[in-house]
Amino acid sequence: SGASEVAYDIADPTFKGNWKHLHARYHLLPGHEDDWSRVLASFTDITLQKQAEEQLKQYHTRLEETVDQRTSELDRTSRALALEIEWRKQAQKKVRSLYKAERKLRSELENKIKQRIEFTRALVHELKTPLTPLLVSCETLAARIEDTCSKRMADTILASGMAINQRIDELI
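Residues numbered from 1 in each chain as written. Predicted model: local features only at pLDDT ≥ 70, side-chain atom pairs only at ≥ 80, totals over all residues. Heavy atoms only, no water.

(A) Layout of the side chain of Thr-120. Its place among the elements puts Thr-120 in helix α1 (residues 47-144). Within the local environment of Thr-120, its side chain forms a polar contact with the backbone oxygen of Arg-116, the two atoms lying 2.7 Å apart. (Helix = DSSP H or I, 4+ residues; strand = E, 2+ residues; numbered from the N terminus. Polar contact = N/O pair within 3.5 Å; in protein donor to acceptor, adjacent residues only side chain to side chain.)

Okay, here's the thing in C-alpha cells:
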C-alpha cells in the first residue's frame, strides 16, 4: 500500500495544432486500494497558467538581458567617466601649474619693467643735467655773437642740443 493519490501535468496537442496543458489527478477511493477498481480522475485545464508562466519566463529572460545590457552600458560609461575625471584632474593640475608659472613670469616682467623705467628715468636725469646748462649757454652765446660764421656754429650746436633734448624727452 502506498499513496492514495497521484498528480502530474501533461501537454497534449489539439486538432488546431495548439497545445493544451492539463493537470491530471487520480485519487484511489477508500476500500479499493488493493485492486484500484475505483479511481476518481480529475483534469484541470492549466493552459492559461502555463502560457502565463512561459510569458513570465520570457519577460524574466528579457529583463535579465536588459539588465545585463544596461549594466554593461553603465560599466562602459563608468569607465569613460573615470577616465574623463582623471583627465580633468590632470588638466586642472597642469592649469594650476601653468597659472603659477604665469604669475611668476608676470611678476618677473613687472619687476623688469619697473627696473627699465627707473633706469630710463636715471638716464634721462643724467643726460639732461649737463645738457640744460649747455643749451642755455649756447642760446646766450648765439644771441651775443655777431660774427656770421661763429653765429652759424652756435646755432648748429644749439639745434643739435635741442634735437638731443627732444630725443631724451621721447625716452620718458
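Here the narrative resumes.
(B) A look at the nonpolar core. Judged by nonpolar contacts, Val-124, Leu-131, Leu-135, Cys-138, Leu-158 and Ile-168 together constitute the single largest core of 6 residues. When residues of this core are traced back to their parent elements, those giving at least two are α1 and α2 (148-171). If you tally residues by element for this core, the top one is α1, at 4 residues. Leaving out residues up to four positions away in the same chain, Leu-158 has contacts with Leu-135, Cys-138 and Glu-139. (Core = buried A, V, L, I, M, F, W, Y, C linked by side-chain atoms within 4.5 Å. Buried < 20%, exposed > 50% of the residue type's maximum accessible area, 1.4 Å probe, protein only. Contact = heavy atoms within 4.5 Å.)

(C) Quick peek at the sheet that holds strand β2 (residues 19-28). If you trace the 3 strands from one edge of the open sheet to the other, you get β1-β2-β3, paired in antiparallel fashion. The sheet terminates laterally at β1 (5-13) and β3 (39-45), the two strands that pair on one side only. If you compare each strand with its neighbour and ignore which way they point, the axes differ by 25° on average. One ladder, built from 7 bridges, connects β2 with β3; its direction is antiparallel. Each bridged residue has a counterpart across the sheet, and for Tyr-26 the counterpart in β3 is Ala-41. Along the sheet face, α1 touches β1, β2 and β3 and points at about 125° away from the line of β2. (Pairing = 2+ DSSP bridges. Axes fitted to C-alpha atoms, helices over the stretch in contact; angles between N-to-C directions.)

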